Structures are given as C-alpha cells and as structure tokens.
Amino acid sequence: MRHEVVVIGSGLGGLLCAAILARQGKSVVVLERQTQPGGCIQSYTRGKYAFDTGLHYVGGLAEGQRLHAIFSYVGLMDLPWHRMDADGFDLITVGGQTFAFAQGYQQFADTLARQFPAERAALGRYVEMLRQNEEAALGSEETFRFFGMNAYQYLTDTFQNKVLANILAGSAIKMELRRESLPLFSFAHGNSAFIQSSWRLRAPGNLLVQRLIDRIQADGGRVVCGAEVVELMADPDVNRKRVVAARCSNGEVYEGDVFISDAHPAMTFQWVKAPHLIKNVFRRRMGMMQNTGGMLTVSMVLKPHTLRYFNHNKFVYRTTDIWGSEMQERAGDKHTIDRVMVCCRPPQAGDYTEQVDLLTPMSWECCRKWEHTTVAHRGDDYLDMKEQKAQECIHLAETVIPGLGDMAVAKYVSTPLTYRDYNQTPEGSAYGIRKDYDNMVMTMLSPKTPIQNLLLTGQNLMLHGVEGVSMTALLTCSELLGMDTIRQVIPARI
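Conventions used here
- Every chain's residues receive numbers from 1 upward, in the order its sequence appears when written.
- Residues qualify for local features only when their pLDDT is at least 70, as the model is predicted, and side-chain atom pairs are given and counted only at 80 or more; totals for whole chains, interfaces and linings, by contrast, use all residues.
- Hydrogens are left out, water is left out, and the side-chain values use all remaining heavy atoms of the structure.
- The secondary structure listing takes helices from DSSP runs of H or I that are at least 4 residues long and strands from runs of E that are at least 2 residues long, numbered from the N terminus.
- Only protein chains enter the accessibility calculation, which uses a 1.4 Å probe; a residue is then buried when its area is under 20% of its type maximum, exposed when over 50%, and partly exposed in between.
- Polar contacts, as counted here, are pairs of nitrogen or oxygen atoms within 3.5 Å of one another; within protein the pair requires one atom able to donate a hydrogen and one able to accept it, and residues that are adjacent in sequence qualify only if both atoms are side-chain atoms.
- Any two residues whose heavy atoms approach within 4.5 Å at even a single point are treated as in contact.
- Comment: axis = line fitted to C-alpha atoms, over the contacting stretch for helices; angle = value between 0 and 180 degrees taken between N-to-C directions.
- Here is the rule for angles: anything less than 35 degrees is roughly parallel, anything more than 145 is roughly antiparallel, 65 through 115 is roughly perpendicular, and the remaining ranges are oblique.
- Note on residue categories: nonpolar means Ala, Val, Leu, Ile, Met, Phe, Trp, Tyr, Cys or Pro, charged means Asp, Glu, Lys or Arg, and polar means any other residue, Gly included.
- Any two strands with at least two DSSP bridges between them are considered paired.
- Scored between 0 and 100, pLDDT is the confidence that the predictor attaches to each residue.

Caption draft 1: Representation of the side chain of Ser-197 within the structure. Along the chain, Ser-197 falls in the loop between α8 (184–196) and β9 (198–201). Take Ser-197: its relative accessible area is 0%, and that puts it in the buried class. Engagement of the side chain of Ser-197 in a polar contact is seen with the side chain of Gln-65, the distance being 2.6 Å. Aside from chain neighbours lying at most four places away, what touches Ser-197 is Val-58, Gly-59, Gly-60, Leu-61, Ala-62, Gln-65, Arg-83 and Gln-103.

Caption draft 2: Spatial organisation of the packing of helix α4 (residues 120–135) against α8. Where α4 meets α8, the closest approach of the two axes is 9 Å, and the angle between their N-to-C directions is 95 degrees. By the angle between their axes, α4 is roughly perpendicular relative to α8. Along the contact surface, α4 presents Tyr-126, Met-129, Leu-130, Asn-133 and Glu-134, while α8 presents Leu-184, Phe-185, Phe-187, Ala-188, His-189, Ser-192, Ala-193, Ile-195 and Gln-196. Across the contact of α4 with α8, the residue classes tally to nine nonpolar, four polar and one charged.

Caption draft 3: Summary view of the sheet that holds strand β5 (residues 58–59). Read across the open sheet, the three strands follow the order β5-β9-β6; overall the sheet is antiparallel. Bordering the open sheet on either side are β5 and β6 (81–83), each of which pairs with just one other strand. Two elements, β5 and β9, share two bridges in a ladder whose sense is antiparallel. Residue Val-58 lies in a different strand from β9, and its bridge partner there is Trp-199.

Caption draft 4: Fine view of the confidence of the model for the chain. Model confidence for the chain is summarised by a mean pLDDT of 93, while 97% of its residues fall at 70 or above. Within the model, pLDDT remains below 50 along residues 327–334, and this stretch shows eleven contacts once partners closer than five positions in the same chain are excluded.

Caption draft 5: Fine view of the pairing of strand β3 (residues 43–46). Summarising the sheet, β3 and strand β4 (residues 49–52) pair through four bridges and their orientation is antiparallel. Within the sheet, the bridge partner assigned to Thr-45 lies in β4 and is Ala-50. Connecting the antiparallel pair β3 and β4 is a turn made up of two residues, with Gly-47 showing a positive phi of about 65 degrees.

Caption draft 6: Structural context of the sheet that holds strand β17 (residues 355–362). Spatially, β8-β7-β15-β16-β17-β14-β18 is the arrangement adopted by the seven strands of the open sheet, whose pairing is mixed. Either end of the sheet is taken by a strand with one partner, and the two such strands are β8 (97–101) and β18 (408–414). Strand-to-strand, the axes of this sheet are offset by a mean angle of 20 degrees, without reference to chain direction. Summarising the sheet, strand β7 (residues 90–94) and strand β15 (residues 313–317) pair through five bridges and their orientation is parallel. Among the inter-strand pairings, Val-94 is bridged to a residue of β15, identified as Tyr-317.

Here is the structure:
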C-alpha cells in the first residue's frame, strides 16, 4: 500500500508529525523498529509500576503558551496534567543552600532577587532575554543572534555574582551544560518554557503516546511496530533525487511520496544506499557530528507511606561549579557523581509517592568498556558499575531527602548503553547532536535534506526536549503544508 507520508520512528517528533499531517488529510504510516512505540517518551513496567524514560516534566502548557497550542491541536490537553508549585517548581541546592525557581518571568526574577538583591537589575535583563528568545520565530535573525552567543559567557558577563550565574544553570541537567559550546539559544529555550509554567503528567508517559496513536488512527493513519527500516530505496530514474520506498528487515516495503525520519541523521543516511542521492562528503559529515552526553537514571520503588509527595524537582550539587567541560568528559568515570535531579510522579491518591527518579549526566567514556555488548549480556562488572553509580546518586539525594535509600524496596538503573540499544541513539545521547555556538552552520540542522522528498525531525535538529521537539515537528510539517497553514491551525509562535 502506498502512503503520502511515511514516518520512520515513533518518538515524540515522529508521532507529532504523523498526527498533524493526518489531521490535515494526508495518508500517513509510522514505522517503528521496536515492539513498543514512543521512543524517549515511552514508559516501561516492572511489576505493577510504570517508569518514564524521558518524560519527567514539561513547560509552556498554560493557555496562551506555545506547547498548549500544539498539544491542543493533537488532543493532548485533556490528559491528567498536574501543575507544579508556582513559588518553586525547581529547587536548586548548591553548597548546602537552596534556591527556588518560581513560575512566571517576573516572579522568577523577584524570588531570586530576594537572595541576591544586588543582582535585581541583571535578573530583569535575564528574564527579558528569555522572553525575547521564546518569542523569536525559528529561523529568524533573532534566533541566529542567540545561537551565535555562548551561554556560559553570557551568564558570567551578565551577573557579577558567580554563584548566581551558576544557580541559573542549576535545573539544566535536562541539557548538556558544556561551557565550551552550548549556545545561548539552546540554554534559553531549555529554561524559558518551564519558567512560564511547569507541569507533570499524573500518569505514565505511555498515556501520551497512546493518545497520539489514537489521534493518528482516528484520522486514517497507521502505526506499525516491529518494522525496522534497513533501506530507503531510490527512484529508478537516477535523474530524480528521490526515495520511493522504505524496506524493512522483515521484507515489507512501504512506498510513499514523502519520507520523514525521526531517527538520528547518521542512522538515516546509512539507510540511503544509492550513491547518487548523497555526496560522500555529506554522508561523512553526518557520521562525524558530535553527540551530547547521556544519562544515568535510577528509578526507585519506595515503601508505602514513607515519602510525602513533593510538587517540585530537586537539583542537588556537590560542587558550586555547575558547568561541565570537555576536560571533565575525557576524565569519564574517574569522577564521582556530583549532581542529581530528584523527581517523583504525582500519586493517584493520597499524599505519599511510591516512585522516585534520580537522574545524572553520564558520559560515553563511562560506558565505552561495554560498547560492544547488548542488553542483559554485559557482565557482572557492568552490573557492579551501575550499582556503584546508583548508590552515589542516592547518597547525594539523601542530602535533601534523608534516609531515601532505606525507603527503597527496588531500583532499576539505566545508562547511555540502555538508550543506545533501545532507541538507536549514537553513544546513548540524551539531547541529540551537540550544538556549537561557534559552528551554527554545521550543528543546527534543517528539516530539509539533499534528497528532495526526505525530511528530518526530532531532537537532533534545532531544539531538544518536549517543547523543542514539538516546535521542530511543526517546522518539518511546514515543509509539506506551508508555514501559513501551520500558523493558521496551530496559533503558536514558530
């Protein structure tokens, strides 16, 4: 069967593209290599508990904000969203002192100014920068201006108090805080939506995934699992730089007019076998692009009625220097864990939570020893490493939640190797291709490719995170529908 649009990959970017295009009358099929769809927003079960892989909280869901407009169009706003504490959705603990991030630009600045009164004017300039960055249309001159600025340099130039300059990056475990390369554009987008409004889902991430699939199917589309693409087949006419079908490992062939890949670009272009479609220099460029680091996640099950639910995230640092560097990356596992994000899902009933997630950045160097292994076949030394790292996370979290380790009855640990094997992300990257403020042309990819009818979407393009991937999906869809149509049906600033 032929489809107008063949989407490869069922992460958030792929599912959103499929849902939007199906609503606009396109015949769509989504191909997913795994038996379970969802990519990094799916959840997995252990016994009666479901754990999220990447969907821990989202920003910008209040009416009039960007993600609200996108999610409303695809039927996600009636999910059980739970708004986090207005006066402190993120609590940053550095050097034993805790600082609150409040919702709302002005409230955010005012709250921190009470602890840093000499920086009140600078905080005002900072939130104005966040507002301008959030309101700038993607691809505008303003976007390029922010992308060409170094985030670390901006903060240290703006604030005389270096402690405050570090604290403002304190909730940014959700991005790679690499002082040498992180663009201000990426840093600002990774923070501003959460400051506007922050939310948790009172349910596993699979609920969001299933709702998107239901939306796609209701509009005539299909989602096919167990369909691992191994080749994008070229048009027999070599004068037409197009692909005509996706061939899967099971022999199934899906013909289409347009193909959208939610997979990593390096993987995507490995599927293009015909040499006339892509120049070797381009193929090498995609394969050599640097990827951001990965994540270690410790998902804990707690004894009933031992930990009251807290309606915020806790970010805890062992050091006052929050920013990472290239030198630290190379050191790999020589460093103990010096930061952790602590979050929990709202309970279905009552005041106590039974699930807590601990997250900390983890470089590929920590995992390189086992890079040629597969899930469940990595050996005892890998299990020992995971246990050691999990205990380090727990010990650091216990500085703000005393006795957390004793509350646990079970824990499940994943590393960048887990993400690599399940989601085919090179080196288990948590945030996609590394963006570099000093090399915008090479690191900020467009949905367009050298192949006329092959588009890209997902976190490897301009932005990562739920809001960033959602915006990227709109950019991808605009290549088929036109930006005027996108802005008409989804009244969000794109």
